[in-house]
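Survey of secondary and tertiary structure
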Amino acid sequence: MTFNTKKKYCYFKENGITVIDYKDVKLLRRFITDQGKIIPRRVTGSSAKMHRQLVRAIKQARNIALMPFTNSSSDG
Amino acid sequence: MRYYELLYIVNPNIEDDKTSIIIDEIGKEVEKYKVSIINHNIWGKKRLAYPIKNNKYGIYILLQFGAEQFDFLKEFERYLILSKLVIRHQIVKLDEEPAKVENIEPIVDEKELAENKSFEIPEVEEKSDVGTEKIQDVAEVDSTDDSVDSEPEEPVVEKESKEESE
């Protein structure tokens, strides 16, 4: 049995991002799944502080139709 | 002084000349409340992530302003809801004063722009565009692989292929 020992890093800390803007869809897309769900912090490795900002930004982007709520197959 | 940002979507079925009229109207409406407008720019026609009132596309317009009084927002939002051409709006409070932008570079990712083009002009040019896009994407994935798990990256590529097939 092998364990994944690769260490996770906060993407925002690595790249020196301190403020997440809801209009920056290219950045936010990294943190949602195929279905449009927000990827949990335990997977992405982002810090709690930045994850809170991220979640807020994604929800704002969804509200103004920059990002999808869902990506189910019925959506066209 | 507090600073706010309003992003609103205008019905895409109106003529091009009328967008400037709407911008003027909304600009005047905000100025009634003794507000200083900092930026008021068109992002352009974009594909919506989901249909709003049966519209697949929308014209995004960004308005940033500073205000001394704060009680007018409810009234202003009501105006936006009642106006028939604005199909969706969102007001967000900003932490800092926004920088003034003369000719706004739309904060739209290139993929979506290319998509829009391909929808409007389905010609030979489209193919070359798609090819270059893919290469860029692969490069992005490679560069970010160390910092983020590969999982979040995969869906982006998959999505693209779906949309292309459409």
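A brief look at the structure comes next. (Residues numbered from 1 in each chain as written. Chains lettered and ligands numbered in written order. Predicted model: local features only at pLDDT ≥ 70, side-chain atom pairs only at ≥ 80, totals over all residues.)

Helices and strands together make up the secondary structure of chain A, namely four helices and zero strands. Taken from N to C terminus, the helices and strands of chain A fall in the order α-α-α-α. Counting across all 76 residues of chain A, residues that qualify as buried make up 30%. Contacts in chain A between residues far apart in sequence, at least 24 positions, make up 70% of those at least 6 positions apart. (Helix = DSSP H or I, 4+ residues; strand = E, 2+ residues; numbered from the N terminus. Buried ≥ 20, exposed ≤ 12 C-beta atoms within 10 Å, placed from the backbone. Contact = placed C-beta atoms within 7 Å.)

Let us look at the overall build of chain B. A count of helices and strands for chain B gives five helices and four strands. Tracing chain B from N to C terminus, the helices and strands come up as β-α-β-β-α-β-α-α-α. Relative to its 166 residues, chain B shows a buried fraction of 13%. If you take every contact in chain B between residues at least 6 apart in sequence, the share linking residues at least 24 apart comes to 70%.

What follows is about the pairing of strand E1 (residues 2-10) of chain B. All names here are of chain B. Where E1 lies against strand E3 (residues 55-67), nine bridges are found, and the strand directions are antiparallel. Each residue of the ladder has a partner; that of Tyr8, found in E3, is Ile61. In the sheet, E1 pairs with strand E4 (residues 86-94) via eight bridges, with the strands oriented antiparallel. For Tyr8, the partnering residue across the bridge sits in E4 and is His89. (Pairing = 2+ DSSP bridges.)

Unusually for a residue other than glycine, Ala65(A) sits at a positive phi of about 65°. Take Ala65(A): it is sitting in the segment after helix H4 (48-63). The backbone of Lys34(B) shows a phi angle near 55°, a positive value even though the residue is not glycine. Note on placement: Lys34(B) falls in the loop between helix H1 (16-31) and strand E2 (35-52).

As far as function goes, none of this settles anything; it's purely spatial.
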